[in-house]
Amino acid sequence: MTRRRWALAGIAVASLVWALGGEWVSIHAGIAENHFLDALAGLSFFVAGIVALDRRQGNRIGPLMLASGASWFCGNWENLRWPVWGAPLLVFGSATAAFVAHVALGYSNGRLATRYERVTVAATYVGTAGAMLGFVLTDDPRVAGCVRDCPWAPVIWSSQSAADAFEWVDEHGAYVLVPMFVIALWLRWRRSTPAQRRYLTPLWVAAGILAGVYLISAIVPASPHGFLRLLSDFQALLEICVPAVFLAGLLSARLAQSAVGSLVVDLQAPRPTGELRALIAAALGDPSVDIVYAVDDGGWIQADGSPALLPTDESGPSARQVTVIEREQRRLAALIHDPAVDPGLVRAVAAAAGMAVENERLHAQVRAQLDEVRASRSRIVQAGDDERRRVERDLHDGAQQRLVTLSLAMHAARRQLTAGHADAVADTLALASDELRLAIDELRELARGLHPVILTDEGLGPALQSLADRAAVPVSVDRVPEHRFPPTIESTVYFVVSEALANIGKYADASDASIHVTHDAAALIVEVRDNGCGGADPARGSGLRGLSDRVAAVNGRMTVVSPVGAGTTVRVVLPGSARADRVDLVQRDSTGTPVGAAPHWTPGGTP
Amino acid sequence: MRSLLIVDDHAGFRMWAREVLRHEGFDVVGEATDGLSAIDAVHDLHPEVVLLDIQLPDMSGFEVAERIAAQTSVVLTSSRSAADYGPAVVRSPAVGFMAKSDLTGAAMAALLDPAQS
């Protein structure tokens, strides 16, 4: 038996001693009441509390139930007339109704969801135990003629008027507290989910009737005879209902686990997308349940592949409970369900549906990737269109304008020549020559933007160095493999670095940057780092997004790490791009000059 | 000699267009670099002809033409061809379109006085 079970057994024995001892004291004191019913009511709280402690660890209902049971028998023990213990027993014993109210409003986890519920329960404690505490501290039983074995210890501040006031509150507080409690029950009913109502309705009906009986008891003085005795017995019966209904709720949760068996059978049959949610909803008895699936980047997606978020509000009236389903310490999915659903049942359903959840997760992930591929393809087409427009605009605004101007200049020169203005012709031709040179420069820049010839002719190292040389900040280029890669890989690396350096120049406010290219059998890894202001968001800039699409198109992955104030690192991993026909890692300084070059080697050949 | 206003945001074109046209029958009374200043210049200078670039930094040459065509003869120009603009050139109140590469005083005169040409 575990230590926990031993502790529960100890609580059970102590509860039994407290209950039977209390009844024994009460019988020997000659108290006229239905002792069997009284013991049964009190013990039912103990039983419910122990079961709750066993089944729902960390749930406050268990301790509250035990407190209710302990409070229940305080009145019996009070008949011992022990001077020291009389006052605590009287105070704690008067709190039974407050504990029951706390259980009813806090069911099923013991937490009070709204301010009104908290105020109501606090008022109930104050109006019962609080009033009794005030009474025992101010009332002096010796004034009423008690000389020995008085029911409570000597008072702290004797004041008959204060004692009378506390006693009045104790006796008449129910006039206010019962309506407050009933309103709280009604409000909770209104905002409850169907699953909560199914669990809570019997408890609330019993608690509501019990509240009414408390009210009648407050109005009509207690009596051991006739109708009032019957009312007292009825009250005890109703008080049994509260723990009994709670126990029934626990048992029904256990019975509901038989639904897990049906779920296992249902999961064998083929089902359309999203049907798993319906099956799990049926097994949990919670039509509001939702399933989201984990993806590798730490996010969540729906069954149809669309992005999803976990609810953040896990307290309050509209709270949703999140149960994460894991397998081999890897998150598969999360069930978002009503907090009223038994956690054990949720765990059982999650375990039963584990394989189906894994399959559904894979399907959802494929759908999400398909959506991303479609979106990426659309963005690539859009980027192509944008690029063509940019080239047309650059041509129109740049070289084309200069050639037009040149045409006009030639026209003017011809006229000047015809008119015999040789000096003017020379000036015009000089201007035309400048214009022509500018047009050539602009065309060269444009052509480099379309595809850099240095990349085609010389490879990545010189091409990246040329980018570094033209960057707005000093850029060092480290460890660039000198052997050639497939053209798509080289152009991807080139344009990633080009865009990253352009962004550094425009936005980073950096004083220097670096380019690192590493390569092994598995992947080519490119990193562009700067020491600027950081805060780059790949989701916002179309440039970075376009690069990410370009990288994804060659099965690569791009990440941007850009904490505010701590620079930006753009990292691209291009798996499977290895071509180890010649490995040659060269360290270059900031001018691009190789430093300490590693010896060249060619597998099976001479360097 | 017709008075003429050149509207273009490219300084090189304005310089050489002025050089060509002022020796070939036009009195270049002013230059403007965008649409709004072109409209102001038309009000101030009352040119008989406006050589108006279609692509201006602040507004389209077609829009400028709509606003000044009642006061002057507008000749649209561009380094693109008229076909690149489709029916917009025909719908425009301008008297015609002249590609920048074809610009001469004689061509302008022919466009403005088709009967004489």
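This section reports on the structure supplied with the text. (Residues numbered from 1 in each chain as written. Chains lettered and ligands numbered in written order. Predicted model: local features only at pLDDT ≥ 70, side-chain atom pairs only at ≥ 80, totals over all residues.)

## Topic: the interface of chain A and chain B
The line we're drawing: By definition, residue pairs are in contact when their C-beta atoms, positioned from the backbone, come within 7 Å. In this text, helices come from DSSP runs of H or I with a minimum length of four residues, and strands from runs of E with a minimum of two, each type numbered from the N-terminal end. The residue classification treats Ala, Val, Leu, Ile, Met, Phe, Trp, Tyr, Cys and Pro as nonpolar and Asp, Glu, Lys and Arg as charged. All others, Gly included, are polar.
In this assembly, 13 residues from chain A lie in contact with 14 residues from chain B. Among the elements that take part in the side of chain A that touches chain B, helix H14 (residues 354–418) of chain A stands out by supplying 12 residues, more than any other. Tallied by class, the residues present in the side of chain A that touches chain B amount to 4 nonpolar, 6 polar and 3 charged.

## A look at the nonpolar core
Inside soluble globular proteins, nonpolar side chains tend to come together where they are buried. As a reminder of what qualifies: In plain words, the nonpolar core is the set of buried Ala, Val, Leu, Ile, Met, Phe, Trp, Tyr and Cys residues that C-beta atoms within 7 Å link up. Buried, partly exposed and exposed are defined by the number of other C-beta atoms within 10 Å of a residue's own C-beta, namely 20 or more, between the two limits, and 12 or fewer respectively, with C-beta atoms placed from the backbone.
Counting 62 residues, the largest nonpolar core has Met65, Val103, Ala104, Leu203, Ala207 and Val242 of chain A as the members making the most contacts within it. The biggest single contributor to this core is helix H3 (residues 61–77) of chain A, with 9 residues. Aside from chain neighbours lying at most four places away, what touches Val103 of chain A is Ile61, Leu64, Met65, Ser68 and Val242 of chain A. Formed by 39 residues, the second largest nonpolar core is a distinct cluster that contains Val7, Val20, Ala38 and Ile68 of chain B.

## Side note on the environment of Leu464 of chain A
All names here are of chain A. Inspection of the secondary structure puts Leu464 in helix H17 (residues 460–470). Measuring from C-alpha to C-alpha, the distance between Leu464 and Ser476 comes to 9.9 Å, with 12 residues separating the pair along the chain. Contacts of Leu464, omitting those with residues within four sequence positions, involve Val477, Val480, Val497 and Ile515.

## Examining the sheet that holds strand S2 (residues 26–32) of chain B
Residues and elements named next belong to chain B. Going by this rule: Paired strands, as defined in this entry, are two strands with at least two bridges between them according to DSSP. Between the N-to-C directions of two axes lies an angle of 0 to 180 degrees, each axis being a line fitted to C-alpha atoms and, for a helix, fitted only over the stretch in contact.
Pairing is parallel in the open sheet, where 5 strands are placed in the order S2-S1-S3-S4-S5. A single partner strand is all that each edge strand has here, and the edge strands are S2 and strand S5 (96–99). Between one strand axis and the next, the sheet turns through 25° on average, direction left out of account. Pairing of strand S1 (residues 2–7) with strand S3 (residues 49–53) involves 4 bridges; the strand directions are parallel. Paired with Leu5 across the two strands is Val50, which belongs to S3. Along the sheet, helix H2 (residues 35–45) contacts S1, S2 and S3; its crossing angle with S2, the most-contacted strand, is approximately 135°. The strands touched by helix H5 (residues 105–112) are S2, S3, strand S4 (73–78) and S5; relative to S5, the strand with the most contacts, the crossing angle is about 165°.

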